[in-house]
Structure formats: structure tokens, C-alpha cells
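Structure assessment
Below, each chain spelled out in residue letters.
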Amino acid sequence: MEDIEFNKYKSEIRSTIRKVLSQSEPGRLDEAAFPAYSHPNPLINWLFWQRLRKTTEYLEPHAPYQRVLDFGCGSGVLLPFLAKISSHVTAADLDLTPFERMKAQMAFHANIETLDLKTATLRGLPTASYDVITALDVLEHVEDLKGTLNDLLRLLKQGGRLVISGPTENIFYKLGRRMAGKEYSGDYHERGIAEIKRELANRGAIDQIAVLYRPIPLFDLFAAVR
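Let's talk about the packing of aromatic side chains
Aromatic rings in a pair are described by how distant their centres are and how their planes are angled relative to each other. Within the structure shown, the criterion is met by 7 aromatic pairs. Plain terms: the ring middles of F6 and W49 are 6.2 Å apart, the flat faces sit at 80 degrees to each other, and that makes the pair edge-to-face. Placement of the pair is F6 in helix α1 (residues 3–22) and W49 in helix α3 (residues 42–59), with a sequence separation of 43 residues. Classification of F6 by relative accessible area gives buried; the value is 5%. By relative accessible area, which is 1% here, W49 ends up buried. Aromatic side chains W46 and Y213 sit 5.4 Å apart centroid to centroid with 20 degrees between the ring planes, which places their arrangement in the stacked category. Residue W46 is found in helix α3, and its partner Y213 is found in the loop between β6 (206–212) and β7 (219–225); the two are separated by 167 residues along the sequence. For W46, a relative accessible area of 37% corresponds to the partly exposed category. With relative accessibility at 30%, the residue Y213 sits in the partly exposed group. When the ring centre of F219 is taken as reference, the NZ or CZ atom of R51 above it lies at 4.9 Å.

Right, here's the structure in full:
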């Protein structure tokens, strides 16, 4: 997306997120990153959106795709973009309430289907069926990292890519989290992005996308290539 198009995309979704937040009980949507994507601090808000910006820049040149999976879709902030570059999108999450509340306020493309991970598993999806899987700021939360990575990599076609971002958990990130507000305690994080990257590097090639931002890295964004 060009800058103008991305800013329009960002503005529409951020406006919808703020509307949904205003109608929701306090804290209910924190884990879906609603406060981050609508944060009043311009620097914090910009940083979170840059993860999406870098993801779109990485994926768009190789589009169109047949099938894409957004693992841990949260509010669905990436789904409108994925739906434009792929014939079919699967939005998977343990809690689809945030996405459903967004859908009540804005139109999403008809080629998006949901997968409720409370009642279904990734193992029910066909092997080698996805060109791209996105897992942005989600793998630091899962209890069984190795098992989850096995499931995700199994779903990728040969040459497919698993795009991942996550917090560094270094001292600068933790300081920034405190400054951002109580919604960003990080108490529910099982690990940092370095552990995830090491685990994937042991399995195959890693394509580095971005580090946000040197010399003070707060987030790492990369892809595992099948």
C-alpha cells in the first residue's frame, strides 16, 4: 500500500476500534491490543502500526495468494488487507469476540471465514493448504510453543511463509510498557521474541523483515520459510 492508502486504512480501523472501546467494558479488549492500536500517545500508536506497515510491505509484492491464515487475529486489524491480497482468509483466535464487535461497526470482506480455537484446532485444517500465515504478537502468549509451531508449519505450502512479530522484552521495552499504561503489564507473556526466533531457526530458514527500531529494538519482525 502507498502511504496515502495505508493512512486511510489506519484511520478507518483506528476510528472503529475507538468506537468499540467506548461501548465495551473496561479491560475486556486489552489482550486483543485495542488500546495499543488506538493509543493517544502518537509515538506508541505509530510503533504498533509500523508492525502492520512492515508486514504489508513484505507481503504485497508477492500477491495475490490463494489462502492466508491470520493466527491470533484479535480485532481483525490486518484482515482487510489480507482479504484484498488473497482469495480466501481464515481468521483464527481463542476469543473471536473482539473481531465480532469490530464486524458490528465496519464491513469486512466476504472472503474471510473465522476459526474459533475454543472449539476447533489447527490440526483440523488440511496440510500444506496456506501460502501465508501471519502470527503478529501472539506466539509469546501460547503455552506450547513447539507444538503450535509444528501445527502452523504443517499448514504451509512448500515455499510458504510464517510471518511473526513480537516484543523483545528488553529493559527498554519494559520501560515503554510502563509508560504506555496499566493495560500493558505483559504478565500474560510466556516468552520473548528471541526464544521464538531461535526455535524457528533450528527448523529452517529465517527471512528478517524489520527490527523496530535500532539501536533500541522493541519489536522483531521476521518470516520462517517452509
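Anyway, onward from the coordinates.
Thoughts on the environment of L152
With respect to the element layout, L152 can be found in helix α6 (residues 145–155). In contact with L152, not counting residues within four places along its chain, are L69, F71, L122, I133, L139 and L162.

Points about the pattern of salt bridges
Evaluation of the coordinates by the stated rule reveals 11 salt bridges. Among the salt bridges present, the one from E5 reaches K84, with a minimum N-O distance of 3.0 Å. Of the two residues, E5 sits in helix α1 while K84 sits in helix α4 (residues 79–85), which places them 79 residues apart along the sequence. Assessed through its relative accessible area of 55%, K84 is described here as exposed. Note that K157 is salt-bridged to D131, the shortest N-O span being 3.2 Å. On the criterion of sequence distance, the pair formed by K157 in strand β5 (residues 156–167) and D131 in strand β4 (residues 130–136) is long-range, its members being 26 residues apart. One exposure class covers both K157 and D131, and it is buried. Look at the salt bridges and you will find they share partners, linking D3, R53, K54 and E57 into a network.

About the thresholds
- Residues numbered from 1 in each chain as written.
- Predicted model: local features only at pLDDT ≥ 70, side-chain atom pairs only at ≥ 80, totals over all residues.
- Heavy atoms only, no water.
- Phe/Tyr/Trp six-rings, centres within 6.5 Å; stacked < 30°, edge-to-face > 60°.
- Helix = DSSP H or I, 4+ residues; strand = E, 2+ residues; numbered from the N terminus.
- Buried < 20%, exposed > 50% of the residue type's maximum accessible area, 1.4 Å probe, protein only.
- Lys NZ or Arg CZ within 6 Å of the ring centre and 35° of its normal.
- Contact = heavy atoms within 4.5 Å.
- Salt bridge = Lys/Arg side-chain N within 4 Å of Asp/Glu carboxyl O.

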